[in-house]
Amino acid sequence: MTNNEQPNPSGAVFVSGATGGLGRNVARELAANGRHVVVAGRRPDAVEAVVDEIVSSGGSASVFVADLADLDDLNRTIDQALENDELPPLHGIVANAGISTTDTLTTSAQGFDLTFGVNVLAHQLLLHRLSPHLMQGCRIVIVSSGVHHPGNKLARRLRIPLPTWVGTEKLAFQQAQTGSDFITDGPGRYSTSKLANVYQARELQRRLDAVGLDPEVFALDPGLMVDTDLARDAPALARFLLRLVGRAVTPFVDNMRLSADTASMVRELLDSHRFVDVGFEYIDDGHPEPLASLALDDDNAAELWETASRLVEASPKESVLLG
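Please read these numbers as outputs of a predicted model, since none were measured by experiment.

Calculation rules
- Here, residues in each chain are numbered from 1, in the same order as that chain's written sequence.
- This being a predicted model, a pLDDT of at least 70 is required before a residue's local features are given, and a value of 80 or more before pairs of side-chain atoms are given or counted; all residues contribute to the totals for chains, interfaces and linings.
- Processing note: side-chain calculations cover all non-hydrogen atoms of the structure and skip hydrogens and water entirely.
- Within a predicted model, pLDDT stands for the predictor's per-residue confidence, ranging from 0 to 100.
- Here a residue-residue contact requires only that any non-hydrogen atoms of the pair lie within 4.5 Å.
- The way it works is that DSSP assigns letters per residue, a run of H or I at least four long becomes a helix, a run of E at least two long becomes a strand, and they are numbered from the N terminus.
- Think of a polar contact as two N or O atoms within 3.5 Å of one another; within protein, one of them needs to be a possible hydrogen donor and the other a possible acceptor, and neighboring residues in sequence only count if both atoms come from side chains.
- Salt-bridge detection follows one rule: a side-chain nitrogen of Lys or Arg within 4 Å of a carboxyl oxygen of Asp or Glu.
- Here's how the labels work: a residue is buried when its accessible area is under 20% of the maximum for its type, exposed when over 50%, partly exposed in between, all with a 1.4 Å probe on protein chains only.
- Stacked, tilted and edge-to-face pairs are distinguished by plane angle, under 30 degrees for stacked and over 60 for edge-to-face with tilted covering the rest, among Phe, Tyr and Trp rings (Trp via its six-membered ring) whose centres lie within 6.5 Å.
- The span expected for a helix works out to 1.5 Å for each residue beyond the first.
- To obtain the arc, one takes the directions from the helix axis to the C-beta atoms.
- When DSSP finds two or more bridges between a pair of strands, those strands are recorded as paired.
- Every axis corresponds to a line fitted to the C-alpha atoms, with the helix fit spanning only the stretch in contact, and the corresponding angles, defined between N-to-C directions, vary from 0 to 180 degrees.
- What sets the label is the angle itself: under 35 degrees gives roughly parallel, over 145 gives roughly antiparallel, 65 to 115 gives roughly perpendicular, and the rest give oblique.
- Charged residues are taken to be Asp, Glu, Lys and Arg, nonpolar residues to be Ala, Val, Leu, Ile, Met, Phe, Trp, Tyr, Cys and Pro, and polar residues to be all remaining types, Gly included.

(A) Looking closely at the confidence of the model for the protein chain. The predicted model of the protein chain has a mean per-residue pLDDT of 89, with 87% of residues at 70 or higher. The model gives residues 1-6 a pLDDT under 50, and that stretch makes 14 contacts with residues more than four places away or in other chains.

Okay, structure coming up:
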């Protein structure tokens, strides 16, 4: 696809978690296709390395360094970018950064469960603060996961639990819960956060429609990507074996993919005219797929949005997505 075939060739794309795995490949693909990419990550050296790589290859990119496990740090970075006029008009956002931890006691800087805090709440804050910079016809990709879907056979074979939806407040403060409200296993907290990402995407579509931006919002199942660092908390030997064996079997296993292949899907979601005027879609393997029944719950989606916005202290002065 040439640049003049893009829906908005002049519009930049903000990519969170852009220093490795899927995010890095997405940033490379978009820059190679003529997009300016805002490269977001928590380590300055890693972010600068990706930006240098893009620029040295003739592309355009800028640095955005913030720790999504610390909403104060994220707000400071956004404030600085706005003060220095460093945030370009955005045609796209790729909410990609994600974490899965087995430690039930780990929290973010604000005391949120770390998995839910990074995967959901940090992106909630980003969506609010970036919303005034979105262009007409914007496209947003929120990286979810098929592990939340009852029909995902690979997730069930790997014994990843289905989501346990206990409400946003209890999920945000998991460490304070007891009994059935406390999700004891890391994979269970991860799958629940990925269901929350679907709710987040559905409600974002509705709210961007309401302010007349004519958006396309996608919740993406990226597949099990064995060449990423999502399982960074697993033992070193387990990570090595997963990558070694995973690469070999990926072409033969449904819902297993390499990050470069998924990055091509993301680029198409942002650039292809095939996805014009479709509204919200849940995307798996490059195609729209039906949502699981739990993901269709409008009350849960609305509650997630309202509670998450309150928890991250979203302000009407800084967001077009409130009200």
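Picking up where we left off.
(B) Quick look at the side chain of Ser-62. Along the chain, the position of Ser-62 falls in strand β3 (residues 60-65). Separated by 2.9 Å, the side chains of Ser-62 and His-36 make a polar contact.

(C) Expanded view of the pattern of salt bridges. Counted under the stated rule, the structure contains 16 salt bridges. The shortest N-O distance in the salt bridge between Arg-28 and Glu-53 comes to 2.8 Å. Taken together, the positions of Arg-28 in helix α1 (residues 21-32) and Glu-53 in helix α2 (residues 44-56) put the pair 25 residues apart, joining distant regions of the chain. A relative accessible area of 35% means that Arg-28 is categorised as partly exposed. Judged by relative accessible area, which is 25%, Glu-53 ranks as partly exposed. Note that Asp-79 is salt-bridged to Arg-129, the shortest N-O span being 2.7 Å. Pair noted here: Asp-79 is in helix α3 (residues 71-83) and Arg-129 is in helix α4 (residues 114-130), with a separation of 50 residues, a long-range link. Take Asp-79: its relative accessible area is 37%, and that puts it in the partly exposed class.

(D) Here's a closer look at the packing of aromatic side chains. Taken as a whole, this structure holds four aromatic pairs when the rule is applied. Taken together, a centroid distance of 5.0 Å and an interplanar angle of 80° make the contact between Phe-14 and Phe-64 edge-to-face. Here Phe-14 is found in strand β1 (residues 12-15), whereas its partner Phe-64 is found in strand β3, with 50 residues between them in sequence. Here Phe-14 and Phe-64 have matching classes, each one buried.

(E) Here's a closer look at α2. For α2, which comprises 13 residues, the first-to-last C-alpha distance of 18 Å matches the rise-based estimate of 18 Å (1.5 Å per residue) to within 8%. Listing the buried residues of α2 in full gives Ala-46, Val-47, Val-50, Val-51 and Ile-54. Seen from one end, α2 has its buried residues packed into an arc of 135°, which puts them on one side. In α2, the exposed positions angled more than 90 degrees off the buried face are occupied by Asp-45 and Ser-56. Residues of α2 that are buried sit in contact with α1, β2 (36-41) and β3. Positive phi shows up at Gly-58, right after α2, with a value of about 95°.

(F) Broad picture of the pairing of strand β4 (residues 90-95). Burial analysis of β4 places six of its six residues in the buried class, the great majority of the element. As defined by bridge partners, β1 adjoins β4 across four bridges and the pair is classed as parallel. Bridge pairing links Ala-12 to Leu-90 in β4. Pairing of β4 with strand β5 (residues 134-143), which is carried by five bridges, proceeds in the parallel orientation. Counted as the bridge partner of Leu-90 is Leu-134 from β5.

(G) Up close: the environment of Gly-59. Tracing the backbone shows Gly-59 in the loop between α2 and β3. On a C-alpha basis, the gap between Gly-59 and Leu-30 in space is 9.0 Å, while along the polypeptide they are 29 residues apart. Sequence-distant contacts of Gly-59, defined by excluding residues within four places in its chain, comprise Ala-31 and Ile-54.

(H) Spotlight on the sheet that holds strand β9 (residues 281-284). Spatially, β3-β2-β1-β4-β5-β6-β9-β10 is the arrangement adopted by the eight strands of the open sheet, whose pairing is mixed. Of all the strands in the sheet, the pair left with one neighbour each is β3 and β10 (287-288). Note: β5 against strand β6 (residues 216-221), five bridges, orientation parallel. Its bridge partner being in β6, Val-141 is matched across the sheet by Phe-218. Sheet contacts for α2: β2 and β3; angle to β3, the most-contacted strand, approximately 175°. Sheet strands touched by α4: β1, β4 and β5. Its angle to β4, the strand with the most contacts, is close to 175°.

(I) Geometry of the packing of α4 against helix α10 (residues 298-311). Taken N-terminus to C-terminus, the directions of α4 and α10 make an angle of 85°; their axes are 9 Å apart at the nearest point. Considered as vectors, α4 and α10 are oriented roughly perpendicular to each other. Across from Phe-116, Val-120, Leu-121, Gln-124 and His-128 in α4, the residues of α10 making contact are Leu-304, Trp-305, Ala-308, Ser-309 and Leu-311. For the contact of α4 with α10, the per-class residue count stands at seven nonpolar, three polar and no charged.

(J) How the structure looks around unusual backbone geometry. Unusually for a residue other than glycine, Asp-277 sits at a positive phi of about 60°. One non-glycine residue with positive phi stands out, namely Glu-313, at about 60°.

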